[in-house]
Amino acid sequence: MSKSNLSKYKIVFLGEQNVGKTSLITRFMYDTFDSSYAATIGIDFLSKTMYLDDKTIRLQLWDTAGQERFRSLIPSYIRDSHVAVIVYDISSKKSFDLLDKWVEDVKLERDNNVVICLIGNKNDLTNERQVSIQDGELKAKKLDAKIFLETSSKLGYNVKNLFKKIAKTLPEFEEIQKGNEEEEMIDINIENKENQESQCQC
Amino acid sequence: MLSKDKKSPSMPNIRWQRFNMNNTSLPILPNNKIINDNKLKSNNQDQFKFKDQPHLSHLNNDNNGDIINNNNSSLSIPNSISNQISIASSLNYSNLSVIDLYGAQEDDVPSEQDQDQDQDQDLDGDIVDDEGYVHVSEQLHPHIVKKSSNIDPSSRLIKDHRNQIPIINNDNILKSDRDRYGFKKSNNFISESDYNQWWISYSQHLIRRKKKWNTLILKNGLSLNKDNPKRFPPKSEKLKRYIRKGIPSEWRGNAWWYFAKGSEVLQEGFYDKLIESSIDLMNKDVEIINRDLNRTFPDNIYFKKIEKDDADNNDDDEPEMIQQLRRVLVAFSIYQPSIGYCQSMNFIAGLLLIFLDEERAFWMLVIITKRLLPGLHEINLEGVSIHQGVLMLALRDYLPSIFEKFLKINLIDDEDENIQSISNYEFLNRLPPVMLTTSSWFMSIFIGILPIETTLRVWDCLFAEDSCFLFKTSIAIFKLIEPKLLMNGIDEMEIFTTIQNSPKYLLDSNKIFDLIFKRGEFWNKLTQDDIERCKKFVYNQRKQKNHYKDNNKDSSNLKFNRNLLNDKLWNEDLYGFKKNIGVLQWNKKLSERMKLNLKKNFTKS
């Protein structure tokens, strides 16, 4: 199948400054991690072809700047996104408290025609944790997020899993998803990550 | 305390008074359209009183130093003649058509094959000694300071002038994995061997240019000051051409400072006061600045985190450059609360710090945000949209196929209305998403977009020719990738990828610069006046659509800074550019005097 015939889906990454949006994308794209990435100015764009369950899709990933004032530039990116990944840092209560406004932005542009994922990143910083998993789950429910995960770009934990879950919400995989309701259960145990990811060939 | 109505001149609403006239006619950009000569001659001599130095027009502040007001008056043109002005400006360019490639006179234009070869007959070799480019044993990165635990802002009172770029030494550069500025030579787009290959030929260009600069400086009776000249020749076509071909990196700090008229803004001791007042300051800006410090140039040797070799090391172990960067950004956020801190300024300040000492880097940041790119970093970022709108207008005139392609993107998804209709300029209100990819071109002034050496050359011209040069550069980049963008069947993703990634391969700065100044292309005749007119037009278009209704929604953030300052710091003078020394004028006289002296000495001997 030629690239241009593939189904394409837009995924926009939102969230406060320095929560790890770029590192999450970099981990997914290249499976690498650096302790510091240059701050994202405006928007960065990446695309990746993903194979899952014998199907191939193309994901467009939009990495955005986290500073509040950049929010005025972002709406047009959100406008036709299929998925919004809203990221906070589990070691920063503040980044968690400000989630609502990002979700608000998304719903303003897309009503409910968008899959919202809530991601607590930097899960490896256990000693600095300021937001509990339970709080994250509660928030996800409240915000109507279809997916909630804690991730660690540094360790690669749950990153592929996230993208797999995202893919499964897309029309391409809808039937499969219906047949596997139990997969909706979110596993946040770090020990299980290898099993979680073994299916995904991306 | 700062009273609410005592606004700094750079508050966005005041600044934008410049555009705030009911001018709804679209400015005409220089091109090959037929020009009505009669209309041109009749009007607006004043508009072109800076014809010889159009890039200086905005700096011609009167004695009250209020640059904004001054600009306002020069742009307060009755609506009825605004059209003619646009056309008149076109004539202005056609008059200038003898000036071409790199600003050289037609008969002075070098051959295509060897554009930077000696078009100057004045190089006689004798004048140029080996100062500068014969270099032996300096370390590649002499001013790296490993350990500095003192983060007391007052520590910087010991002025450092260590920010000296190492002189070209091919052995050092080729052996190292880093360039002269401490950046990694390789990245995702350029390999180390690509870099070395390019460097071998480009360094020859640099050495040739340096010789010419040496000669130029001496011929103007100025001092090379041990390869660290402080004064530069007065503006001339020749100087413009020299700048366009690149200022020697070792001199860049001083040259930028000089051409941007830094000494007009610098107020002795003021920066130190700002730093003192920022000790222990904690607010939203400071918090965001702190989070960006290590995310500025994480790969640069001066900025990267010091590796912790033992567990005892703590956060005090911060590179000197990071401390400087913090001080400059925090000081700026206090100085200019309408901007505070905006991501991307960290890159701008960071690059300045590689070339200039801390105090001058601070003032250069003021010049960039106030004079060169006003409004761009303000809290609502409306300035970004205005600049992008101007870029759209320029594309429409110079690269119409690309323009149309951009409009088509997203058209299918937009059910609202015919919003992208060209005739009503709706594209200025809802900029095509592609345009937002280019917002960082302006916000970080091509840092991280173009390879560093190319970026530096753009900066050279920015300080000498103003922001119109950034538009020329942008258009040239689009011209370069035009064939790819217009390919049949290219999809939206590929368009985005192309725009985002192509500039990162432009290691050979001569390639893009040759295109910017290519003869027969009209974008190289864009002047700052055109850009200002376009900004005004875009501003008005967007304003009409009520884009400004919630402008100040977020201004509560500003409260943080204001209350922490004393009255002295908010003296009105701080926001104007009162020191009207007229550096260039003064310098011209000085250089003439020096020439006379030289002559006298010569005849004596």
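Residues numbered from 1 in each chain as written. Chains lettered and ligands numbered in written order. Predicted model: local features only at pLDDT ≥ 70, side-chain atom pairs only at ≥ 80, totals over all residues. Heavy atoms only, no water.

- As annotated in an unreviewed UniProt entry, chain B is Rab-GAP TBC domain-containing protein from Wickerhamomyces mucosus.

- As recorded by an unreviewed UniProt entry, chain A carries the name GTP-binding protein and is attributed to Wickerhamomyces mucosus.
- On record in UniProt, under Subcellular location (unreviewed entry), the comment for chain A is "Endomembrane system". (UniProt positions renumbered as here; feature names shortened; annotations may be inferred.)

Here we look at the overall build of chain B
Point 1. A count of helices and strands for chain B gives 26 helices and 2 strands.
Point 2. For chain B, buried positions account for 61% of its 605 residues.
Point 3. Considering only intrachain contacts with a sequence separation of at least 6, the fraction spanning at least 24 residues in chain B is 80%.
Point 4. Of the roughly 24900 Å² of accessible surface on chain B, a fraction of 48% belongs to carbon and sulfur atoms. (Helix = DSSP H or I, 4+ residues; strand = E, 2+ residues; numbered from the N terminus. Buried < 20%, exposed > 50% of the residue type's maximum accessible area, 1.4 Å probe, protein only. Contact = heavy atoms within 4.5 Å. Areas by Shrake-Rupley, 256 points an atom, 1.4 Å probe, with all protein chains shown as cover.)

Here we look at the overall build of chain A
Point 1. Counting its secondary structure elements, chain A contains 8 helices and 6 strands.
Point 2. The linear arrangement of helices and strands in chain A, starting from the amino end, is β-α-β-β-α-β-α-α-β-α-β-α-α-α.
Point 3. Expressed as a percentage of its 202 residues, the buried residues of chain A come to 58%.
Point 4. Put simply, of all contacts in chain A between residues at least 6 apart along the chain, 73% involve residues at least 24 apart.
Point 5. Looking at chain A as shown, the accessible area adds up to about 8800 Å², and 45% of this sits on carbon and sulfur atoms.

Observations concerning the environment of Lys154 of chain A
Point 1. Topologically, Lys154 of chain A is positioned in the loop between strand S6 (147-150) and helix H6 (159-169).
Point 2. Given a relative accessible area of 48%, Lys154 of chain A falls into the partly exposed group.

Structural notes on helix H11 (residues 284-293) of chain B
Residue and element names in this part refer to chain B.
Point 1. Of all the positions in H11, only Asp285, Val286, Ile288, Ile289, Asp292 and Leu293 are classed as buried. On an axial view of H11, the arc spanned by its buried residues comes to 165°, and they lie on one face.
Point 2. Where H11 begins, one side-chain oxygen reaches toward the backbone nitrogen of Asp285, 2.9 Å away; that side chain belongs to Asn283. (Arc of directions from axis to C-beta. Polar contact = N/O pair within 3.5 Å; in protein donor to acceptor, adjacent residues only side chain to side chain.)

A word on the pairing of strand S5 (residues 115-121) of chain A
All names here are of chain A.
Point 1. With respect to burial, S5 is a largely interior element, 7 of its 7 residues being buried.
Point 2. Judged by which residues are buried, S5 turns out to be covered on both faces: Val115, Cys117, Ile119 and Asn121 on one side and Ile116, Leu118 and Gly120 on the other are all buried.
Point 3. Judged from the 7 bridges that link them, strand S4 (residues 83-89) and S5 form a sheet pairing that is parallel. Paired with Val85 across the strands is Cys117, a residue of S5.
Point 4. Two strands pair when backbone bridges link them, and S5 and S6 are joined in this way by 4 bridges, in the parallel orientation. (Pairing = 2+ DSSP bridges.)

Observations regarding the sheet that holds strand S2 (residues 43-52) of chain A
One key point about sheets: their strands pair by backbone hydrogen bonds, in either a parallel or an antiparallel sense.
Residues and elements named next belong to chain A.
Point 1. Pairing in this open sheet of 6 strands is mixed, and the strands run S2-S3-S1-S4-S5-S6 from one edge to the other. Whereas interior strands pair on both sides, the edge strands pair on one side only; in this sheet they are S2 and S6. Within the sheet, the average angular offset between the axes of one strand and its neighbour, ignoring direction, is 20°.
Point 2. Sheet strands touched by helix H1 (residues 21-30): strand S1 (7-15), S2, strand S3 (55-64), S4 and S5. Its angle to S3, the strand with the most contacts, is close to 155°. (Axes fitted to C-alpha atoms, helices over the stretch in contact; angles between N-to-C directions.)

Regarding the packing of aromatic side chains
Point 1. Summed over the entire model, instances satisfying the criterion amount to 44 aromatic pairs over all chains.
Point 2. Judged by centre distance (6.5 Å) and plane angle (85°), the rings of Trp213 of chain B and Phe232 of chain B are edge-to-face. Here Trp213 of chain B is found in helix H6 (residues 192-219), whereas its partner Phe232 of chain B is found in the loop between H6 and helix H7 (237-244), with 19 residues between them in sequence. Phe232 of chain B matches Trp213 of chain B in its accessibility class, with the two residues each being buried.
Point 3. Here Trp441 of chain B and Phe446 of chain B contribute two aromatic rings whose centre-to-centre distance is 5.8 Å and whose plane-to-plane angle is 40°, an arrangement assigned as tilted.
Point 4. Exposure remark for Trp441 of chain B: the relative accessible area of 2% places this residue in the buried category.
Point 5. Here the guanidinium or amino end of Lys48 of chain A rests over the ring plane of Phe28 of chain A, the centre of that ring lying 5.1 Å away.
Point 6. If you follow Arg71 of chain A out to its NZ or CZ, it ends over the ring of Trp102 of chain A, 5.4 Å from the centre. (Phe/Tyr/Trp six-rings, centres within 6.5 Å; stacked < 30°, edge-to-face > 60°. Lys NZ or Arg CZ within 6 Å of the ring centre and 35° of its normal.)

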